[in-house]
Amino acid sequence: MTNDSPTAVLVVVVGAGPRATGLLERIAANLPALWERERKLHIHLVDPHPPGPGRIWRHEQSPLLRMNSMAEDVTMFTDETSTIDGPVRRGPSLAEWAAQFADPRGPRLAPYTEPADPEVLAELRALTGTDFPTRRAQGAYLDWVFRRALADLPPSVTVEWHRTTATAVTGPPDGPQQVRLADRAEPLSADLVVLAQGHLGSAPAPAHRAHAAFARRHGRFHLPPDFSSDADLAALRPGEHVVLRGFGLAFVDLMVLLTEGRGGSYRTEPDGSLTYLPSGREPVLHVGSRRGVPYHAKTGYRLQGLRPPLPRHFGADAVDRLLAEGRPLDLRRDVWPLMAKEIGFGHYHELFHAHPGRTSVPWQEFLAEYDRLHWYSDAMTSLVARAVPDPEDRLDFEALDHPLEGLAFATPDAFQAHLRDHIAQDVARRANPTHSADLGAFLALLSVYGRLPRLVSAGRLSARSVADGLDGWWHGFFSFLASGPPGFRLRQLLALSRAGLVHFLGADLRIGTDETMGTFTATSPTVPGHTVHATALIEAYLPGPDLDNTQDPLLRHLHRMGELTEEVIAGPAYTHRSGRLTVSPADDHVVDPRLGRPHPRRIALGAPTNSRAVAAFARPRTDAPAFRQNDAVARALLRTLGSVALTDLSGGGPERHEIDVSVKAGVRHTS
């Protein structure tokens with residue numbers, strides 16, 4: 001597309017990854033109803049990484065890294081479950097999009113382009129709905145979603161990609177904003193600015209700085225929280241002992257990069273188990289965490305019964321009732337029992353409908369009692385025990401949350417054997433559809449997750465509850481249950497453990513330093529009296545939101561200038577600083593403390609904000625919070641821009657510059 005008119009309304013979107021792509025799709029969907037067709041709109045995208053995939057899903061990363069979702073469970077499009085004011089525009093899941101490449105004579109999804117990388121194309125041709133794709137395959141899907149959104153725009157709307165970094169934004173609340181870029185002196189002018197940078201890095205916190213200083217003094221290796229695909233691991237020597245704190249997805253990525261990524265491979269034995277064949281270049285990994293066990297494997301099957309009708313116990317009405325109580329709320333005391341009951345409903349709905357032989361009362365009889373009982377009541381415990389004879393079929397959150405509680409092992413070898421058995425049982429269960437009640441619980445977890453942003457934005461959760469309950473326990477518990485690796489990754493972990501290249505440390509991991517030996521130390525009450533010494537320490541988890549230490553130059557600039565505010569929740573005895581950018585719950589505008597109100601020309605979406613609507617794509621038919629947010633922001637943006645005066649682009653201003661490369665249909669690339 002090109003700008004035929006010298007005047008246009010201007011928007012700068014900082015970030016061009018999945019969140020910005022989702023917003024662009026919603027702008028395209030809402031334009032016919034909210035925009036004068038001939039009115040010019042010019043959208044600047046500013047991101048050093050390709051539009052669509054962005055940083056996290058870009059092609060330039062290891063082909064070994066995979067998603068932790070099946071291909072059929074990934075979509076960027078709204079559907080009949082989406083509670084939005086704008087139009088629903090259905091689109092393919094990753095699996096449905098990939099299917100077109102398997103049949104050379106089949107239908108094509110416009111705009112059709114085959115991925116340039118033959119390895120990615122070969123993967124897409126063989127991909128099934130229940131496969132876990134590589135991140136590069138997801139990047140190809142996101143690239144197509146971006147190009148489809150462009151194709152859906154009318155000729156009056158143009159998009160320009162600046163392959164650089166935004167460093168600052170200035171401008172009055174009642175006038176144009178100026179967005180400065182790293183590679184040019186002249187800023188971009190904008191009527192509205194949208195911040196959609198996605199997940200951001202941060203400088204090390206004080207505790208990590210102390211460990212980094214120790215590593216420098218003794219010539220050791222230290223890696224603070226980082227994005228695994230970007231981490232420089234070259235300094236880790238073959239055979240070097242490395243302690244990794246964290247047992248989630250970041251650990252799994254690091255495990256892959258330090259084993260297969262260094263030339264190792266796996267052999268499948270006749271019994272189906274894996275044997276690791278080392279290259280000799282691997283370090284020795286010692287891993288532990290608060291729970292001391294890896295995240296649960298993702299299920300590798302579909303529902304066997306009817307889809308549970310969610311929400312039932314924790315929907316909009318339940319949130320309304322909580323807010324109507326007119327008092328501070330505690331997540332664990334007031335909210336969690338309803339969340340737990342909703343998750344339990346999903347679990348037992350699938351159990352009763354798909355596996356009725358393992359229940360002892362009719363579903364409707366069970367449901368009538370279940371609906372009226374408190375989750376933690378003795379009557380609920382009695383009902384479940386009577387209706388579900390096998391304890392393995394009952395949902396016990398406390399046992400799930402603390403799998404090593406009360407256990408201690410006399411020797412490290414005894415614990416290795418125990419945890420290998422624990423992991424093997426988890427892998428087997430998550431691959432066996434006879435345990436599909438776990439998937440019912442997972443779907444309810446997603447439903448619960450989608451209801452929390454409204455409760456949070458109402459400001460009724462206490463400071464301690466947000467800090468310890470929401471951002472602490474709940475985020476970790478949700479990830480532990482619902483955001484684990486594919487089962488084959490845990491089978492690989494077992495093989496590495498048997499090969500002596502991964503050692504398990506236990507729960508409540510404690511990291512120390514030994515100045516005399518110049519080593520990091522790791523201990524756990526799971527194996528009392530046992531201390532591991534290592535010459536390298538990796539914090540195996542992603543950096544959290546941290547405005548004080550953010551590596552994003554634009555947010556750093558706004559924070560330093562006092563033009564944004566960190567989310568601070570104050571209580572009678574405790575104040576919580578979340579590190580998140582505060583946005584207005586009504587419209588996601590950045591709260592500017594200098595104005596004492598939201599800035600009318602600045603919007604922020606996604607991971608760095610206190611909206612906590614983080615995931616940019618979602619499982620189909622889950623009414624994803626990010627899709628709801630994208631739609632609401634797109635509609636408000638179009639309404640606002642529809643009333644502003646057009647900006648003259650004819651006088652050699654910052655938007656009139658040479659176009660070096662024309663990439664993708666409909667987008668200009670300015671370098």
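Residues numbered from 1 in each chain as written. Predicted model: local features only at pLDDT ≥ 70, side-chain atom pairs only at ≥ 80, totals over all residues. Heavy atoms only, no water.

## Description of the packing of helix α8 (residues 331–354) against helix α9 (residues 363–372)
- The contact between α8 and α9 brings their axes to 11 Å, and the two run at 175°. Comparing the axis directions of α8 and α9 gives the class roughly antiparallel. Contacts between α8 and α9 involve Ala340, Lys341, Gly344, Phe345, Tyr348, His349, Phe352 and His353 from the first element and Trp363, Phe366, Leu367, Tyr370, Asp371 and Arg372 from the second.
- Each residue belonging to the contact of α8 with α9 can be placed in one class, and the counts come to eight nonpolar, three polar and three charged. (Axes fitted to C-alpha atoms, helices over the stretch in contact; angles between N-to-C directions. Helix = DSSP H or I, 4+ residues; strand = E, 2+ residues; numbered from the N terminus. Parallel < 35°, antiparallel > 145°, perpendicular 65-115°, else oblique. Contact = heavy atoms within 4.5 Å. Nonpolar A, V, L, I, M, F, W, Y, C, P; charged D, E, K, R; others polar.)

## Describing the pattern of salt bridges
- Within this structure, the stated rule accounts for 43 salt bridges.
- For aspartate 371, the salt bridge identified is with arginine 312, shortest N-O distance 2.6 Å. Within this pair, whereas aspartate 371 is found in helix α9, its partner arginine 312 is found in the loop between β12 (284–288) and α7 (316–324), the two being separated by 59 residues in sequence.
- On the basis of relative accessible area, aspartate 371 is assigned to the partly exposed category, the value being 28%. (Salt bridge = Lys/Arg side-chain N within 4 Å of Asp/Glu carboxyl O. Buried < 20%, exposed > 50% of the residue type's maximum accessible area, 1.4 Å probe, protein only.)

## Side note on the side chain of serine 524
- The topology assignment puts serine 524 in the loop between β15 (519–523) and β16 (531–534).
- Among the residues examined, serine 524 registers a relative accessible area of 7% and is labelled buried.
- From its side chain, serine 524 meets the backbone oxygen of alanine 507 in a polar contact 2.6 Å long.
- Excluding residues that lie within four positions of it along the chain, serine 524 makes contacts with Leu505, Gly506, Ala507 and Asp508. (Polar contact = N/O pair within 3.5 Å; in protein donor to acceptor, adjacent residues only side chain to side chain.)

## Quick notes on helix α10 (residues 378–387)
- Of the positions making up α10, those classed as buried are Met380, Leu383, Val384 and Ala387. The buried residues of α10 occupy one face: seen down the axis, they fall within an arc of 95°. The exposed residues of α10 that point more than 90 degrees off its buried face are Asp378 and Thr381.
- Looking at the packing, one finds that the buried side of α10 touches α8 and α9. (Arc of directions from axis to C-beta.)

## Some words on helix α17 (residues 625–641)
- Over its 17 residues, α17 extends 24 Å from the first C-alpha to the last, a length consistent with the 24 Å expected when each residue adds 1.5 Å.
- Burial runs high along α17: 12 of the 17 residues are buried.
- Those residues of α17 that fall on the buried side of the exposure criterion are Pro625, Ala626, Phe627, Gln629, Asn630, Asp631, Val633, Ala634, Arg635, Leu637, Leu638 and Leu641.
- Structurally, α17 contributes buried residues whose contacts are with β1 (7–14), α1 (18–34), β2 (41–46), β7 (192–195), α13 (437–457) and β21 (597–604). (Expected span 1.5 Å × (residues − 1).)

## Some thoughts on the sheet that holds strand β14 (residues 510–514)
- The three strands are arranged β14-β15-β16 in an open sheet whose pairing can be described as antiparallel. Edge positions in the open sheet fall to β14 and β16, since each of these has one partner strand only. When strand polarity is set aside, the average angle formed by the axes of neighbouring strands in this sheet is 30°.
- Inspection of the sheet shows β15 paired to β16 by four bridges, in the antiparallel sense. Of the residues in β16, the one forming a bridge with phenylalanine 520 is alanine 534. (Pairing = 2+ DSSP bridges.)

## What to know about the confidence of the model for the protein
- Summarising the model, the protein shows a mean pLDDT of 93, and 95% of its residues fall at 70 or more.
- This model gives residues 648–666 a pLDDT under 50, and the stretch forms 41 contacts once residues within four places in sequence are excluded. (pLDDT = per-residue confidence, 0-100.)

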